[in-house]
Amino acid sequence: MSHRRRFEQTKSLQDRLSEFAADARRKAGELPDSAARDELLKKAHQADTAARLDGWVNSSGLQPPKQPA
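Everything quoted here is computed from the prediction, not taken from an experiment.

### A look at the nonpolar core
Judged by nonpolar contacts, Leu17, Ala21, Ala24, Ala44, Ala47 and Ala51 together constitute the single largest core of six residues. Elements with a contribution of two residues or more to this core: α1 (13-29) and α2 (35-57). Apart from residues lying up to four places away in sequence, Ala24 is in contact with Leu40 and Ala44.

Put into structure tokens, the structure is as follows:
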């Protein structure tokens, strides 16, 4: 049986997503108006959205739904 490779992340998901988004925006800024530039900006926006959702899901203020009595 083969063993599953495991990687221990040194940065949080939110940090990695934020870095990815910043890098994508930097690369998009170097490109002229084109489909490739639009795609990079779209990916940056998606990474920002994913980081916000991760922060919301992992927040201490999130409460489970209450069961009706």
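This is not the end of the story, as more comes after the structure.
### What about α2?
Its 23 residues place the ends of α2 33 Å apart at the C-alpha level, agreeing with the 33 Å of an ideal helix rising 1.5 Å per residue. Here the buried face of α2 lies against α1.

### Quick word on the pattern of salt bridges
With the rule as written, the count across this model stands at six salt bridges. Of the charged contacts in the structure, one is a salt bridge between Arg37 and Asp33, with a shortest N-O distance of 3.2 Å. Judged by its relative accessible area of 24%, Arg37 is partly exposed. One connected set of salt bridges, linked through shared partners, spans Asp23, Arg26, Lys27 and Glu30.

### Here's the deal with α1
The end-to-end C-alpha distance of α1 is 24 Å, a good match for the 24 Å that 17 residues give at a rise of 1.5 Å each. Of the positions making up α1, those classed as buried are Leu17, Ala21, Ala24 and Ala28. One face of α1 carries all of its buried residues, which in axial projection span an arc of 65 degrees.

### Brief notes about a nonpolar patch on the surface
Taken together, the side chains of Leu53, Trp56 and Val57 make up a nonpolar region of the molecular surface, amounting to roughly 330 Å² of accessible area. Note on Val57: relative accessible area 47%, which makes it partly exposed.

### A closer look at the environment of Asp38
Structurally, Asp38 is set in helix α2. In this structure, the C-alpha to C-alpha distance between Asp38 and Leu17, residues 21 residues apart in sequence, is 18 Å.

### Focus on the packing of α1 against α2
Their axes nearest at 8 Å, the elements α1 and α2 cross at an angle of 160 degrees. Considered as vectors, α1 and α2 are oriented roughly antiparallel to each other. Judged by the twist between their axes, the crossing of α1 over α2 is left-handed. Here α1 contributes Leu13, Gln14, Leu17, Phe20, Ala21, Ala24, Arg25, Lys27 and Ala28 to the contact with α2, which in turn contributes Arg37, Leu40, Leu41, Lys43, Ala44, His45, Ala47, Asp48, Ala50, Ala51, Asp54 and Gly55. Its residues placed into classes, the contact of α1 with α2 shows 12 nonpolar, three polar and six charged.

What counts as what
Along each chain, the written sequence defines residue order, and numbers are assigned to residues from 1. Local features in a predicted model are, by the rule used here, given only for residues with pLDDT of at least 70; side-chain atom pairs are given and counted only at 80 or more, and totals for whole chains, interfaces and linings are based on all residues. Neither water nor hydrogens contribute to the side-chain values; these are computed over all heavy atoms in the structure. Joining through side-chain atoms within 4.5 Å is the link that ties buried Ala, Val, Leu, Ile, Met, Phe, Trp, Tyr and Cys residues into a set, and such a set is a nonpolar core. Think of it in three bands: residues with accessible area under 20% of the maximum for their type are buried, residues over 50% are exposed, and the middle band is partly exposed, with areas taken using a 1.4 Å probe on protein chains only. Secondary structure is summarised from DSSP: a helix means a run of H or I of at least four residues, a strand means a run of E of at least two, and numbering begins at the N terminus for each. Residues are treated as being in contact if the distance between any of their heavy atoms lies within 4.5 Å. Multiply 1.5 Å by the residue count of a helix minus one, and that product is the helix's expected span. By definition here, a salt bridge exists when the distance from a side-chain nitrogen of Lys or Arg to a carboxyl oxygen of Asp or Glu is within 4 Å. By construction, the arc corresponds to the directions joining the helix axis to the C-beta atoms. For patch building, the residue pool is restricted to those with more than 30% relative accessible area and no salt bridge; the joining distance is 9 Å between like charges and 5 Å between nonpolar side chains (Val, Leu, Ile, Met, Phe, Trp, Tyr). Only the protein chains shown count as cover for residues, and the accessible areas themselves come from Shrake-Rupley with a 1.4 Å probe. Axis lines are fitted to C-alpha atoms, over the contacting stretch for helices. Their N-to-C directions set the angle, which ranges from 0 to 180 degrees. Angular relationships are summarised with four words: roughly parallel below 35 degrees, roughly antiparallel beyond 145, roughly perpendicular across 65 to 115, and oblique for the angles in between. When the near helix sits turned anticlockwise from the far one by under a right angle, the crossing is termed left-handed; a clockwise turn instead gives a right-handed crossing. The nonpolar class holds Ala, Val, Leu, Ile, Met, Phe, Trp, Tyr, Cys and Pro. Asp, Glu, Lys and Arg form the charged class, and all remaining residues, Gly among them, are polar.

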